[in-house]
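Structural overview for review
So you can see what is in the structure, the chains are spelled out below.
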Amino acid sequence: MVKHSSALPLAWVTLRTLIVLNWLFGAAILALLVATIVAEQWTFTALGISPSSWMRPMMHGLRAIAALGLVAIPLNHAILKRLLEIVDTVRSGDPFVAPNADRLQAIAWVLLALQLLSLVIGGIGKAISTPAHPLHLDAGFSTTGWLAVILMFVLARVLPKGR
């Protein structure tokens, strides 16, 4: 029976933890972004970046990447919240409900937005990277990410027929 699965409580705790961590990472990104703008010299000194450093010209691009990272925080929250709601319906024993199909559809759209955001971040990273100082980001085109988008759109259509 689904209600007695040990995976469901673990999934619930994991999702709740990820929700908290998502917001904490967002707060850290925001704090660093604000610090590099409001107290630029102090922040750069604290990070070991001298006024003559090669990194100074990259900072505008890195700030743009951080700002886009902030955009990802509420998008990630939207996915995690809907997954938590789906887990709750599975725990209650009735996962094949119309709201779960709607949740999967919403997750698909958010995943699509995150993939587009990743392309922009990857483009910025490529634009500010130099041969002397390459910038390696885990951003840009992701086959797996795009497959996840397609999978979510398909699952959103299949779920209502699962009864």
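Residues numbered from 1 in each chain as written. Predicted model: local features only at pLDDT ≥ 70, side-chain atom pairs only at ≥ 80, totals over all residues. Heavy atoms only, no water.

**Topic: the packing of helix α1 (residues 7-38) against helix α3 (residues 59-91)**
In contact at an axis separation of 9 Å, α1 and α3 are set at 160 degrees when each is read in the N-to-C sense. It follows that α1 is roughly antiparallel to α3 by the angle criterion. For the pair α1 and α3, the crossing hand works out as left-handed. Residue classes in the contact of α1 with α3 are distributed as 22 nonpolar, five polar and five charged. (Axes fitted to C-alpha atoms, helices over the stretch in contact; angles between N-to-C directions. Helix = DSSP H or I, 4+ residues; strand = E, 2+ residues; numbered from the N terminus. Parallel < 35°, antiparallel > 145°, perpendicular 65-115°, else oblique. Left-handed = near helix turned anticlockwise from the far one by under 90°. Nonpolar A, V, L, I, M, F, W, Y, C, P; charged D, E, K, R; others polar.)

**Quick look at the side chain of T36**
As for its position among the elements, T36 is in helix α1. When its relative accessible area of 5% is taken as the criterion, T36 is described as buried. (Buried < 20%, exposed > 50% of the residue type's maximum accessible area, 1.4 Å probe, protein only.)

**A few points about the packing of α3 against helix α4 (residues 98-128)**
The N-to-C vectors of α3 and α4 enclose an angle of 160 degrees; their axes lie 9 Å apart at closest approach. Looking at the two axes, α3 sits roughly antiparallel to α4. The crossing of α3 and α4 is left-handed. Residues belonging to the contact of α3 with α4 are distributed by class as follows: 23 nonpolar, five polar and three charged.

**Considering the layout of surface pockets**
Considering only enclosed or pocket space, the largest pocket measures out at about 350 Å³ in volume. Looking at the largest pocket, it is lined by 14 residues, and the ones nearest its centre are L114, S118, I121, D138 and A139. Broken down by secondary-structure element, the contributors of at least two residues to the lining of the largest pocket are α3 and α4. Of the residues forming the lining of the largest pocket, the biggest block, five residues, is contributed by α4. A breakdown of the residues in the lining of the largest pocket according to their chemical character gives seven nonpolar, six polar and one charged. (1 Å grid on protein atoms, 1.4 Å probe; cavity = no way out; pocket = protein on both sides within 12 Å on 5 of 7 lines; lining within 4 Å. Points joined across faces, edges and corners; volume = space filled by probe spheres on them.)

**Some details on the confidence of the model for the protein**
When pLDDT is averaged along the protein, the result is 88, and 90% of the positions lie at 70 or above. Mean pLDDT across the elements of the protein bottoms out in helix α2 (residues 40-46) (77) and peaks in α4 (95). (pLDDT = per-residue confidence, 0-100.)

**Description of the pattern of salt bridges**
Oppositely charged side chains can pair when the atoms bearing their charge come close. Within the structure shown, the criterion is met by one salt bridge. Here E85 and R103 are joined by a salt bridge, their closest N and O atoms 3.0 Å apart. Remark: R103 occurs in helix α4 and E85 occurs in helix α3; sequence separation between them is 18 residues. (Salt bridge = Lys/Arg side-chain N within 4 Å of Asp/Glu carboxyl O.)

**Re helix α5 (residues 143-158)**
The end-to-end C-alpha distance of α5, which contains 16 residues, comes to 22 Å, matching closely the 22 Å that a straight helix rising 1.5 Å per residue would cover. When α5 is considered as a whole, its buried residues turn out to be G145, V149, M152 and A156. For α5, the angular spread of the buried residues around the axis is 65 degrees, confining them to a single face. Across from the buried face of α5, at angles greater than 90 degrees, the exposed residues are T144, L147, I150 and R157. Next to the buried residues of α5 lie α4. (Expected span 1.5 Å × (residues − 1). Arc of directions from axis to C-beta. Contact = heavy atoms within 4.5 Å.)

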